[in-house]
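Letter by letter, the chains look like this.
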Amino acid sequence: MQFSEIKARDDQYVLHTYARFPVDIERGKNATLWSTEGKEYIDFTSGIGVSSVGTANPKWVDAVAVQAAKLGHMSNLFYTQPCGALAEVLCRRAGMSAAFFANSGAESNEGLIKLARKWSFDKYGKGRGTILTLKNSFHGRTVTTLSATGQDVFHNYFFPFTDGFRYAEPTMEGISQVSGHDVCAVMLELVQGESGVWPLDQDFVHDLAVLCAERDWLLLVDEVQTGIGRTGTLFCYQQYGILPDAVSFAKGIAGGLPFGGFLVNEKCRDVLGPGTHATTFGGNPVCAAAALATLDILSEEMMGEISDKGNYLRTAIDAMELPCFGPTRGLGLMIGIEVKPGHTNREIAQQLMENGLLVLTAGPAIRLLPPLTITRDEMDKGLAILKQTLA
Ligand SMILES: *Cc1c(COP(=O)(O)O)cnc(C)c1O
């Protein structure tokens with residue numbers, strides 16, 4: 001099929017909720033992708049941080065195929081082995097106590113919100129259900145996670161939104177301005193992804209964790225984007241020296257299959273009892289097997305490599321001193337590049353695509369989320385396209 005036909009059919013029958021780039025992808029190998037017509041692309045996106053172990057990683061393909069041939073689905077009313085095995089690995093590596101599995105980032109964050117409100121209700125009763133989130137955050141696209149998102153542009157059209165969120169500047173002063181007796185929790189991303197890749201200040205995060213303990217607020221960390229090795233540790237909070245009460249994850253967890261969930265500490269393990277929270281597909285055995293293979297590939301030993309690769313890319317890009325770019329920022333393989341006035345990230349991304357490099361935009365910045373398994377050769381090819389296109 002020609003690209004023009006693929007595009008025309010999609011335009012006719014799929015809702016236009018995405019501003020798609022004029023590119024189709026048919027197949028790939030690690031961080032190299034090919035269109036139906038055979039054009040090659042270097043992948044600095046991994047979906048949006050999803051294909052964390054690259055495309056068609058043989059270990060992942062094998063795990064998915066073997067599990068699909070054994071048992072594709074079973075209701076959560078029964079036990080299946082992959083679900084428990086995955087929960088154990090995640091808890092051990094994260095220093096947490098128990099897991100709930102879901103299907104997407106927004107759904108995982110909905111779980112954090114329900115957890116915090118019920119935890120507080122059980123202990124303090126009604127009237128303490130407010131959750132503080134940060135300005136410029138992003139927590140998802142459901143009505144409640146849009147409410148939780150601290151950006152006015154997301155609070156439109158879909159009225160009425162869910163009550164019970166207040167938005168703070170990411171400083172202790174900002175937190176104190178919106179705090180109150182109705183608060184049960186704080187929810188935050190440690191590197192704000194969608195708004196432009198902004199790592200939070202270490203001292204602020206530390207002081208906030210202390211305040212949460214003092215006020216008996218739950219500390220909820222949204223690691224949907226930063227989690228599962230993306231920033232160079234399994235979870236980003238492990239670099240910030242804090243231990244959250246609960247942490248959500250999704251995007252990269254199953255290396256490309258739709259999966260997510262959250263982990264809780266000992267204090268929160270009994271909050272959501274039978275009948276209080278559920279989802280049909282959560283803990284699906286094929287997705288869980290994919291996640292186990294993903295975590296096996298993303299071993300503890302491999303975490304240091306992720307930081308090295310991130311530094312390699314950032315050093316190379318900063319050294320190019322491209323006219324449209326300011327400095328890079330980020331952690332591990334979650335990289336933001338400042339775009340200088342007079343240029344737009346969309347137009348830059350488009351030019352790079354024409355020359356065979358896929359990148360993402362976030363807020364006003366260019367965002368790079370390559371597969372964590374990207375090779376030196378693939379990074380060099382991508383960097384060469386960047387330089388050629390933008391110099
Ligand atoms: C992508 C993202 C979400 C939403 O995840 P979906 O799987 O699209 O629902 C939530 N929080 C953060 C930090 C994200 O990056």
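The name recorded for the protein chain in an unreviewed UniProt entry is Aminotransferase class III-fold pyridoxal phosphate-dependent enzyme, from Candidatus Intestinimonas pullistercoris. The UniProt entry for the protein chain carries the following text under Cofactor (unreviewed entry): "pyridoxal 5'-phosphate". Of the protein chain, the UniProt comment under Sequence similarities (unreviewed entry) reads exactly: "Belongs to the class-III pyridoxal-phosphate-dependent aminotransferase family."

This part takes up the packing of helix H4 (residues 81-94) against helix H10 (residues 285-297). Look at H4 against H10: their axes get within 8 Å of each other, and the N-to-C directions meet at 35 degrees. Considering only the axes of H4 and H10, their crossing is left-handed. Contacts between H4 and H10 involve Pro82, Cys83, Ala85, Leu86, Val89, Leu90 and Arg93 from the former and Pro285, Ala288, Ala289, Ala291, Leu292 and Leu295 from the latter. Broken down by class, the residue content of the contact of H4 with H10 amounts to 12 nonpolar, no polar and one charged.

Before going further, it helps to spend a moment on the site of the ligand. As a matter of local geometry, the ligand sits amid 13 residues, with Gly105, Ala106, Asp222, Gln225 and Lys251 nearest to it. A distance of 2.7 Å separates an oxygen atom of the ligand from a polar backbone atom of Ala106. One nitrogen or oxygen atom from the side chain of Asp222 is found 2.8 Å from a nitrogen atom belonging to the ligand. Contact with the protein chains hides 81% of the accessible area of the ligand, taken as 380 Å² for the molecule alone. Counting residues per element, the shell around the ligand draws most heavily on helix H5 (residues 105-124), which supplies three residues.

Calculation criteria
- Residues numbered from 1 in each chain as written.
- Predicted model: local features only at pLDDT ≥ 70, side-chain atom pairs only at ≥ 80, totals over all residues.
- Heavy atoms only, no water.
- UniProt positions renumbered as here; feature names shortened; annotations may be inferred.
- Axes fitted to C-alpha atoms, helices over the stretch in contact; angles between N-to-C directions.
- Helix = DSSP H or I, 4+ residues; strand = E, 2+ residues; numbered from the N terminus.
- Left-handed = near helix turned anticlockwise from the far one by under 90°.
- Contact = heavy atoms within 4.5 Å.
- Nonpolar A, V, L, I, M, F, W, Y, C, P; charged D, E, K, R; others polar.
- Near = heavy atom within 4 Å.
- Polar contact = N/O pair within 3.5 Å; in protein donor to acceptor, adjacent residues only side chain to side chain.
- Areas by Shrake-Rupley, 256 points an atom, 1.4 Å probe, with all protein chains shown as cover.

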